[in-house]
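Structural overview for review
Chain by chain, the residues run as shown.
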Protein chains: 4
Amino acid sequence: MLENVCRQVQSLAGVGHVADYIPALANVDADRFGICLRTVDGNDYVVGDSAVRFSIQSISKVFALAMCLAVKGEALWTRVGKEPSGTAFNSLVQLEVERGIPRNPFINAGALVLADILLTSFDDPEKEFLAFVRELCGNNTVDYNDKVALSERETGYLNAAIANLLKYHRNIECDVERVLRFYLQMCSIEMSCEELAKAFLPFADHNVQFAHAGIELTRSQIKRMNAIMQTCGFYDEAGEFSYLVGLPAKSGVGGGIAAIYPHRYAVAVWSPRLNGKGNSVMGMKALEILTTETSESIF
Amino acid sequence: MLENVCRQVQSLAGVGHVADYIPALANVDADRFGICLRTVDGNDYVVGDSAVRFSIQSISKVFALAMCLAVKGEALWTRVGKEPSGTAFNSLVQLEVERGIPRNPFINAGALVLADILLTSFDDPEKEFLAFVRELCGNNTVDYNDKVALSERETGYLNAAIANLLKYHRNIECDVERVLRFYLQMCSIEMSCEELAKAFLPFADHNVQFAHAGIELTRSQIKRMNAIMQTCGFYDEAGEFSYLVGLPAKSGVGGGIAAIYPHRYAVAVWSPRLNGKGNSVMGMKALEILTTETSESIF
Amino acid sequence: MLENVCRQVQSLAGVGHVADYIPALANVDADRFGICLRTVDGNDYVVGDSAVRFSIQSISKVFALAMCLAVKGEALWTRVGKEPSGTAFNSLVQLEVERGIPRNPFINAGALVLADILLTSFDDPEKEFLAFVRELCGNNTVDYNDKVALSERETGYLNAAIANLLKYHRNIECDVERVLRFYLQMCSIEMSCEELAKAFLPFADHNVQFAHAGIELTRSQIKRMNAIMQTCGFYDEAGEFSYLVGLPAKSGVGGGIAAIYPHRYAVAVWSPRLNGKGNSVMGMKALEILTTETSESIF
Amino acid sequence: MLENVCRQVQSLAGVGHVADYIPALANVDADRFGICLRTVDGNDYVVGDSAVRFSIQSISKVFALAMCLAVKGEALWTRVGKEPSGTAFNSLVQLEVERGIPRNPFINAGALVLADILLTSFDDPEKEFLAFVRELCGNNTVDYNDKVALSERETGYLNAAIANLLKYHRNIECDVERVLRFYLQMCSIEMSCEELAKAFLPFADHNVQFAHAGIELTRSQIKRMNAIMQTCGFYDEAGEFSYLVGLPAKSGVGGGIAAIYPHRYAVAVWSPRLNGKGNSVMGMKALEILTTETSESIF
């Protein structure tokens, strides 16, 4: 099955551009493609560069949300909304109009608030976030890439603008610079498709208690996280992805996408070339083919 | 099960207000509550005022979308988007910014475009639309309420503004007045929860060919319609509904909500009191309790 | 002096396009140019097609404002603002955000409110508006062009959208269609530069009591009207015009501009080719040269 | 005359609030009132606290604009617009929509661009800016207030957001922090009404060559600066001020207003209590009475 998917997406090879606004990411080999699907009953399927690590970028927001939801519970939603943004992922307009409450936790503004919450909730947030991710994917060598994080900070004027606006609206407690650095460090984590698929499997498998590195979520909380992935995981292309693929998922500008089919499987795909909305061209197509050919989606 | 749901939602009795901007609707008994759930394997469950007809209003947009998708196929999406709106259901701002292409088919602007498409695609659109709905719900006495449609036209200045703006951007072919009248007539259809649940069941049951009154949809098209219901069915509360309930659904200002659980059931609930976003207070709560207590949702 | 201006602006001949969205206007000879300057002490200067009548369009809003201010006094400003719009002349966005109160009387939304006020304040508004304009310019043959007004109504979907939105926000009392027709009729008046300059002279001359056809304004009211022309007379190019020319003025898409230099003169210029903001290319340049060469502006 | 103005504005004593978002400014005596009018032919009139220095804040933007215009000429307008903003002085929305080109030099975004231009155009911009202001007002003891500047930097998250957004759009060349500090230092200058009136007189007197501390402007450039003050000097209350007062002017949140009547006089007024738009309540009223009673304004 995955070989078939892989073969079909080759027609899109070379389409799209690698994210170039993060200097340290621009050097990646644009034509890589890897995919890994893991089922809840223990089967794994891999094709292509599935073991190659890449910068997960915004996919890290799912892990940050899981930690915040475990720590804050429903009170989290006083600081961030759960509606799709309807505009590009980094829009300041909406944030200003809505007076500092980001639309959802997956736009940059929302994830900066998550970073602030983690900073005020954990003793050593960098260490505890990494521990959580490592335990989810079962690999202790997964790590931050400090060079990428630093490179983003040096050119990340838009994120700095957003963080300052959040601070102005009193929706960031910590020092602005501290929040920016932690946020970018989370984004800099590097994982392979195989590791990502493993890390997302607990969000698909509702029969196992979610408890990893001290982070515990109820079944209801996991379902609700999946709902947010479904409606908000693809910036202003959430509707398109939902229409074509029909799975809760989260993408990152590193070219990765992690998706889950509740009760069935988690799947991670990676290909660096992005479309105009910042989502992986071949990655989206691969998942569309997967759910279309299997006639299986949440809808 | 439904009795239990019904009992629990009683705590919200009296909360919210009946839509008063449509004069003919303001007279409805605000404290009605009915629910009907029909499974794909043929079981029916009803509680309360499940046989009382009410004005389905925006729920009619699902039927209009089904007809347009059958007629136009994917070409439909050149005239209307499929992204959640992120703003109130009747916002002109987004429409102006995006130069006459409504964000999705379920905001008023989008549904006016659907109306225009039906007017140019069918010989007698009023008759054929009604025939489609009647066949879906299996009841030939379901009908338009001309008085409600007329009442809405006389006070519907916002819809008239939207329709004129669409015409200005050349995304309406027919006469503006003709489009407005047909749109409002579709909204004026009156159905009971029992009829609505029956009409939505074909969207949940993927094992039966969708072919009703000459309107045929593939399994893939139905899944895609469900995806749009999921992301766009609740105006700017789509994320909240997805988070709390986790089912594709469509609401109307008459107080009705129709939802589906793919492969399992369709459910319709009705209670006229609305929250500030225009969705039924008790209806939303009933569906939240239903999916929480059964631990069953698409996520 | 004016001959010199006329000579210099010839370098812009052929630049810009005649307004083509009003069918009946698209047939005008694009390369006409006329100018007339009348001083408060009784001297007249004319060059070119100064006696040719053209469609004054939005310049009519100045006359409508004068009548409304005379009738309503400062209470007028509860229905319309006096701030520059900062956006294009026909933007619905601002109107929606500000809940039906147009930013100023010179954007289309504001002028539609003026039309509504005149309709509710005068017995025969069409007749009385025309009488006022005729007395100002001293020529009883000045008249509406019904064909132009009708032509605009048939294609004026944006104005219809705006009027309906105003009605929705309860800032229009009369029937929407009635307001639209009267508004367009006012716009359809045809005058020559010579007639326009004469009609604007009373706004420049503060030593003569303003009382024409029963419309009386105090000196303070006239000064305030001039202030609004200065800040709002050129849509979203008001700053540019103020910077380059430095006179209170009002333009119309027929290619006319009427301006005044308080205590000194009124000037009207006409040339049908418009720039991208809807203002006459040669007309603006002519006035820029006039105030630059004479080193005389209000600044 | 001024005594009369002073007496009449007393009815507004106590109305409004001192700007409290700048900690170091919140301690000012709220009930101060001073005014100074200087004519081009050499007469001075003073009333009240006309010799007390206060924080000129945004009035400094006029001096910054003069220097930038002298250095860059018309090329300045590729980096900043000259249209009124139509929204609050610190709106990020407009800046984002217009891709980093501030609407005009007097909103905060525009003044940050001015600061950047000065930083790249002068060897010691802090020194040269101060020298220019000192020469204009003829007093070498006028100085920055470092404590106020520092205090604003520590809490100025909105300005930091704006500056980062400008940098993101490549409309700031220097280091963001450097620009912010210089901008706030300019704002921190303290002057009295007497000094301000003297400093603004050269903008009113077109018969004397403008050449101060090496900064030279042509008569045309001065007139154009006045036009920008007229249309943009009062944030989103520019129209109201133009309507009520009718003079080019610039206000600051320290409660100061400096205005000019071309060919006649410059006037500075100070009273710390502000209205909801950030402009001095008694200051605006004083100028309204002045131009109304004298029946003299540019209109």
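Data block above holds the structure.
Figured I'd write up the structure that's included with this text.

Thresholds applied
Per chain, residue numbering runs from 1 following the sequence as it is written. Starting at A for chains and at 1 for ligands, labels are handed out in the order in which the entities are written. Given that the model is predicted, a residue must reach a pLDDT of at least 70 before its local features are reported, and side-chain atom pairs must reach 80 or more before they are shown or counted; all residues, however, enter totals for whole chains, interfaces and linings. The side-chain numbers reported here are obtained from all heavy atoms of the structure, hydrogens and water having been left aside. A run of H or I in DSSP becomes a helix once it reaches four residues, and a run of E becomes a strand once it reaches two; helices and strands are each numbered from the N terminus. Every radius of gyration here is taken over C-alpha atoms, with the globule rule written as 2.2 Å times N^0.38, N being the number of residues. Three exposure classes are used, based on accessible area relative to the maximum for each residue type with a 1.4 Å probe and protein chains only: buried under 20%, partly exposed in between, and exposed over 50%. The contact definition used throughout considers only heavy atoms, calling two residues in contact when any of these lie within 4.5 Å. Defined here as a combined quantity, buried area equals the accessible surface (1.4 Å probe) lost by two parts on assembly, summed across both. The term salt bridge refers to a pairing of a side-chain nitrogen on Lys or Arg with a carboxyl oxygen on Asp or Glu at a separation within 4 Å. Two N or O atoms form a polar contact when they lie within 3.5 Å of each other; inside protein one atom must be a possible hydrogen donor and the other a possible acceptor, and for residues adjacent in sequence the pair counts only when both atoms belong to side chains. Only residues with pLDDT of at least 70 in both copies count here: their C-alpha atoms drive the least-squares fit that superposes the copies. If DSSP finds at least two bridges between two strands, the strands pair. Between N-to-C directions, angles cover 0 to 180 degrees, with each direction set by a line fitted to C-alpha atoms, over the stretch in contact for helices. Given the number of residues in a helix, its expected span is that number minus one, multiplied by 1.5 Å. Note that the arc is computed from the directions linking the helix axis to the C-beta atoms. Amino acids outside the nonpolar list (Ala, Val, Leu, Ile, Met, Phe, Trp, Tyr, Cys, Pro) and the charged list (Asp, Glu, Lys, Arg) are all regarded as polar, and Gly is one of them.

For the rest of this paragraph, the subject is the overall build of chain A. Secondary structure assignment for chain A yields 12 helices and 9 strands. Scaling as 2.2 N^0.38, a compact globule of 299 residues should have a C-alpha radius of gyration of about 19 Å, and chain A matches this with 18 Å. Taken over 299 residues, chain A has a buried fraction of 67%. When contacts within chain A are restricted to residue pairs at least 6 apart in sequence, those whose partners lie at least 24 apart make up 70%.

Between chain A and chain B, the residue contacts involve 35 residues of the former and 36 residues of the latter. Each partner contributes to the roughly 2,900 Å² buried at the junction of chain A and chain B, and carbon and sulfur atoms together form 52% of this total. If you sort the residues of chain A by the area they bury against chain B, Arg224, Tyr243 and Phe299 of chain A come out on top, with a joint share of 31%. Linking chain A with chain B are 4 salt bridges. Between Glu240 of chain A and Lys82 of chain B there is a salt bridge; the shortest N-O distance is 2.6 Å. Counting every contact that joins chain A to chain B gives 19 residue pairs in polar contact (both at pLDDT 80 or more).

Let us look at the relation of the copies chain D and chain C. In the superposition of chain D on chain C (RMSD 0.0 Å, axial shift 0.0 Å), the rotation amounts to 180 degrees. In symmetry terms, the pair is related by a two-fold rotation axis. Comparing interface residues between copies, 100% of those in chain D also sit at the interface in chain C, which points to an isologous, same-surface contact.

Turning our attention to the sheet that holds strand β2 (residues 44-48) of chain B. Residues and elements named next belong to chain B. The 5 strands lie next to each other as β2-β1-β9-β8-β7, forming an open sheet whose pairing is antiparallel. The sheet is open, and its two borders are formed by β2 and β7 (249-251), each paired with just one other strand. Geometrically, the sheet is characterised by an average inter-axis angle of 5 degrees between neighbouring strands, direction not taken into account. By the bridge criterion, 6 bridges tie strand β1 (residues 34-39) to strand β9 (residues 265-270) in an arrangement that is antiparallel. Of the residues in β9, the one forming a bridge with Gly34 is Trp270.

Now for the environment of Asp44 of chain A. All names here are of chain A. Along the polypeptide, Asp44 turns up in strand β2 (residues 44-48). Of the residues examined, Asp44 reaches a relative accessible area of 43% and is grouped as partly exposed. Excluding residues that lie within four positions of it along the chain, Asp44 makes contacts with Leu37 and Arg38. For Asp44, the side chain forms a polar contact with the side chain of Arg38, separated by 2.7 Å.

Residue and element names in this part refer to chain C. End to end, helix α5 (residues 125-137) covers 18 Å across 13 residues, agreeing with the expected 18 Å (1.5 Å per residue, within 8%). Those residues of α5 that fall on the buried side of the exposure criterion are Pro125, Glu126, Phe129, Leu130, Phe132, Val133, Leu136 and Cys137. Down the axis of α5, the buried set is contained in an arc of 155 degrees. They therefore lie on one face. One or two residues past the end of α5 sits Gly138, with phi positive at roughly 70 degrees.

Moving on, we get to the interface of chain D and chain C. With 35 residues of chain D in contact, the opposing surface of chain C contributes 35 residues. Note on chain D versus chain C: buried area summed over both sides is about 2,900 Å², and carbon and sulfur give 52% of it. Three residues, Arg224, Tyr243 and Phe299 of chain D, lead the burial of chain D against chain C; their summed loss comes to 31% of the area buried on that side. Remark: the boundary between chain D and chain C carries 4 salt bridges. Among the salt bridges present, the one from Glu288 of chain C reaches Arg224 of chain D, with a minimum N-O distance of 3.6 Å. Contributing elements (two or more residues each) for the side of chain D that touches chain C: α10 (219-232), α11 (238-244) and α12 (281-293) of chain D. Sorting elements by how many residues they give to the side of chain D that touches chain C places α10 of chain D first, with 8 residues. When the residues that make up the side of chain D that touches chain C are grouped by side-chain class, the tally is 12 nonpolar, 11 polar and 12 charged.

Take the relation of the copies chain A and chain B next. Mapping chain A onto chain B is achieved by rotating through 180 degrees and translating by 0.0 Å along the same axis, at an RMSD of 0.0 Å. Same-surface contact between copies: 100% of interface residues of chain A are shared with the interface of chain B.

Here the focus is the sheet that holds strand β9 (residues 265-270) of chain C. Residue and element names in this part refer to chain C. The antiparallel open sheet is built from 5 strands, whose spatial order is β2-β1-β9-β8-β7. Two strands close off the open sheet at either side, each with one partner strand: β2 (44-48) and β7 (249-251). In this sheet, neighbouring strand axes are inclined to one another by 5 degrees on average, regardless of whether the strands run parallel or antiparallel. Relative to strand β8 (residues 256-261), β7 is paired through 3 bridges, and the arrangement is antiparallel. Of the residues in β8, the one forming a bridge with Lys250 is Ala258.

Residues and elements named next belong to chain D. Counting buried residues along strand β9 (residues 265-270), 6 of its 6 residues qualify, which places the element largely inside the surrounding structure. Neither face of β9 is exposed, since Tyr265, Val267 and Val269 on one face and Ala266, Ala268 and Trp270 on the opposite face are all buried. In this sheet, β9 lies alongside strand β8 (residues 256-261) in antiparallel orientation, the contact comprising 6 bridges. For Ala258, the partnering residue across the bridge sits in β9 and is Ala268. Connecting the antiparallel pair β8 and β9 is a turn made up of 3 residues, with His263 showing a positive phi of about 70 degrees.

To continue, consider the arrangement of the chains. Contact between chain A and chain C is absent, and the least distance between their C-alpha atoms amounts to 11 Å. What separates chain B from chain D at the closest point of their C-alpha atoms is a distance of 11 Å, and the two make no contact.

Limitation: the analysis is restricted to geometry and does not speak to function.
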